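A look at the structure
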Amino acid sequence: MPAPPQMNQAEHQSLEVFLRDNLSDDQRSRVGLMSFNQWPWTTAALTEATVAFHRIGSLVAVAFWSDRTPLRDPGWSTSHRIARLLGSRPIEASAQQLIQDSGVPPGAFVDPPIPRLKVQDLPDLPDPLTRADIRRLTYKGSGMGRSILQVHPDFNTPIRDDYIWPRRWIRKAMESYAWVFDQTLALITARDLRTIVVFNGRFTHDRAAAAAAETVGVKVLYYDYGGIETYFDLTHSTTHDWDSLQARMITMWSDWGTDRDEIAHAWFANRENRSEPGIEVFIGEQKPEHLPELPTDQTLVTFFSSSGDEIAELDLDWDQYFGSQVEALRTLASMVDGIPDMTLIVRTHPHMRLKPKDDLKHWVAAVEEIGRNIHIGPDSPTDSYALMRASDRVITYGSTSGIESAYRGRPTAVMGPSAYQLLGCVTPLTNEEELARWLESPPAIRPELALPYGLMMQRRGFNLNWLSRNAHGAVGRGDSLLSEPSVTAQKVSHAWRSVRTRWLTSR
């Protein structure tokens, strides 16, 4: 049998040490760990975290509620009932067995404390039902609407502001948010919880649980994916708290050993040479070193767009930016038009080819509307990295291309939110005067300041400790593995969900 993979040095040496150092005695005393999804990766992370809390003396309450919410989470895959009827079992069953193997008693696994909860006091739905209207929806003082907009009924739901959302879907999403909020409050009271742990903090149910805890002063931690070469993360802040993430990058860089440069360089190199897992989704259509015919007598300014759905509902002060990405592009195009011998190239994010067709249609229309420019679409074989190197200036609304072009020594600016603008390797722009100065004379670039980003992406978070991953990628302990239900159970569950979604989204 092949040997299990070797573990790399992670950002944190031990989850148990991290918990002791970062939580008070009171916060560690009683902890609720909540799961609304059935992804194997996150289920393993929750299992590992539960065992770590148990081993430092915490009384844990584990809520595997993915199959209980009125509207299923994006990470839900299998009905518990369907799995049982087909002689299979959901992934939570093997996770519970692994947790109990560590000594956690069966009483630690909790059902929703309010039987047959019927949600009351939901706000009335506005008419028409646009993003702006949904965004304003609240439940018991918490920001319900923004979290609902993080989850779309299907992959064809556009993010444009004038799209009218299906009322049944939004109503059910509101019920689901409120159900989790109320059940979490009841669980906190019933178990006297001092900390809860949820996934990511972005999706509807995790945000509802976190909001419920916040209303009564209970500490919230967030588990999520780790780095490319580590396994999972556990943080005090949500995934999209980019100021916090960058502070971690700087601390991690200063505290690391002698091999930090090698690890960081590897992240940037692996993305370009297609060695990073999953990178083919973004650059699979591109041909290495391929470029269209570009003018040789012009200063080339390339705008790399961001994937709009990933930034649309971030809890940010948008007044500090140029408005929407389309508005930022229009401002940039107007500035470039006023500078002799300067050409604007727009590189539409390659992931847009997999996004709603309506979003791509409206984005392409906006790009064509600005007039004089070179547009490179998401299906183009143009190599984004060759394009970076050919550009005299690179500008983005927050795409990862910004940090990658800075690493490659190109003068780079960002016109929107990003997870790297505090590192000093790019120029954040907030108004037209700053943009004009940057286009005329960008400051000297310091590529080495991009390296903390690469180190963080490779090694953030934790390795598995109590659990381990075998040579085939399966996670478990000894012969006990975290196992998914049968393919048949998943297919039947998917069919049931599709029928229900069609009904909820019918007009």
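Nothing here was measured: the structure is a model prediction, and the numbers come from that model. (Residues numbered from 1 in each chain as written. Predicted model: local features only at pLDDT ≥ 70, side-chain atom pairs only at ≥ 80, totals over all residues. Heavy atoms only, no water.)

Focus: empty space enclosed by the protein
With the rule as written, the count across this model stands at 2 cavities of 30 Å³ or more. Around the largest cavity, the lining residues are Leu71, Arg72, Trp169, Trp496, Arg497, Arg500, Thr501 and Leu504. Tallying contributions element by element places helix α19 (residues 487–505) first for the lining of the largest cavity, with 5 residues. In terms of residue class, the lining of the largest cavity is built from 4 nonpolar, 1 polar and 3 charged. What lines the second largest cavity is Leu71, Arg72, Asp73, Pro74, Val151, Ala173, Thr204 and His205. Here the residues of the lining of the second largest cavity are counted per class, giving 4 nonpolar, 2 polar and 2 charged. (1 Å grid on protein atoms, 1.4 Å probe; cavity = no way out; pocket = protein on both sides within 12 Å on 5 of 7 lines; lining within 4 Å. Points joined across faces, edges and corners; volume = space filled by probe spheres on them. Helix = DSSP H or I, 4+ residues; strand = E, 2+ residues; numbered from the N terminus. Nonpolar A, V, L, I, M, F, W, Y, C, P; charged D, E, K, R; others polar.)

Points about the sheet that holds strand β9 (residues 393–396)
Sheet strands associate in pairs through backbone hydrogen bonding, adopting either a parallel or an antiparallel arrangement. Here we have 6 strands laid out as an open sheet, ordered β8-β7-β6-β9-β10-β11, and parallel in their pairing. At either end of the open sheet lies a strand with only one pairing partner, and these are β8 (374–376) and β11 (427–428). Looking at chain direction, strand β7 (residues 342–347) and β8 are connected through 3 bridges and run parallel. From the neighbouring strand, arginine 347 faces β8, where its bridge partner is isoleucine 376. Its contacts with the sheet put helix α13 (residues 325–337) on β6 (299–304), β7 and β9, and the angle it makes with β7 is roughly 160°. (Pairing = 2+ DSSP bridges. Contact = heavy atoms within 4.5 Å. Axes fitted to C-alpha atoms, helices over the stretch in contact; angles between N-to-C directions.)

So, helix α3 (residues 40–55)
Taking 1.5 Å as the rise per residue, α3 with 16 residues should run 22 Å; its terminal C-alpha atoms sit 22 Å apart, in good agreement. Extensive coverage of α3 is indicated by the burial of 12 of its 16 residues. Positioned one or two residues after α3, glycine 57 has a phi angle of 100°, which is positive. (Expected span 1.5 Å × (residues − 1). Buried < 20%, exposed > 50% of the residue type's maximum accessible area, 1.4 Å probe, protein only.)

Topic: the environment of histidine 362
Positionally, histidine 362 belongs in helix α14 (residues 357–369). In this structure histidine 362 comes out as partly exposed when scored by relative accessible area, which is 39%. With 202 residues separating them in the primary sequence, histidine 362 and arginine 160 have C-alpha atoms 8.4 Å apart. Reaching out from histidine 362, the side chain makes a polar contact with the backbone oxygen of aspartate 358 at a distance of 2.9 Å. (Polar contact = N/O pair within 3.5 Å; in protein donor to acceptor, adjacent residues only side chain to side chain.)

Quick look at the pattern of salt bridges
By the definition in use, this model includes 25 salt bridges. Here arginine 55 ties to glutamate 16 by a salt bridge, and the two come within 3.4 Å at their closest N and O atoms. Residue arginine 55 is located in helix α3, and its partner glutamate 16 is located in helix α1 (residues 15–22); the two are separated by 39 residues in the primary sequence. Arginine 55 gets classed as partly exposed once you look at its relative accessible area, which sits at 44%. In this structure, aspartate 133 engages arginine 136 in a salt bridge whose closest nitrogen and oxygen atoms are separated by 2.7 Å. Taking the relative accessible area as the measure of exposure, arginine 136 reaches 58% and is therefore exposed. (Salt bridge = Lys/Arg side-chain N within 4 Å of Asp/Glu carboxyl O.)

Here's the deal with unusual backbone geometry
Only a minority of non-glycine residues have a phi that is not negative, and only a minority of peptide bonds are not trans. Aspartate 127 connects to proline 128 through a cis peptide bond whose omega is 5°. Locating proline 128 in the fold gives a position in the loop between α5 (91–101) and α6 (131–135). Positioned with a positive phi, arginine 116 is a non-glycine residue whose angle comes to about 50°. Here arginine 116 lies in the loop between α5 and α6. By relative accessible area, which is 78% here, arginine 116 ends up exposed.

Remarks on the packing of aromatic side chains
Taken as a whole, this structure holds 20 aromatic pairs when the rule is applied. Measuring from centroid to centroid gives 6.4 Å for phenylalanine 36 and tryptophan 65, while their planes differ by 65°, and the two rings are edge-to-face. Of this pair, phenylalanine 36 sits in the loop between β1 (30–35) and α3 while tryptophan 65 sits in the loop between β2 (59–64) and α4 (80–85); the two residues are 29 residues apart in sequence, bridging distant segments of the chain. Note on accessibility: phenylalanine 36 and tryptophan 65 belong to one class, buried. Ring centres of tryptophan 39 and phenylalanine 203 lie 6.4 Å apart, and the angle between their planes is 55°; on these two criteria the pair is classed as tilted. (Phe/Tyr/Trp six-rings, centres within 6.5 Å; stacked < 30°, edge-to-face > 60°.)

Function cannot be inferred from these measures alone, as they are strictly geometric.
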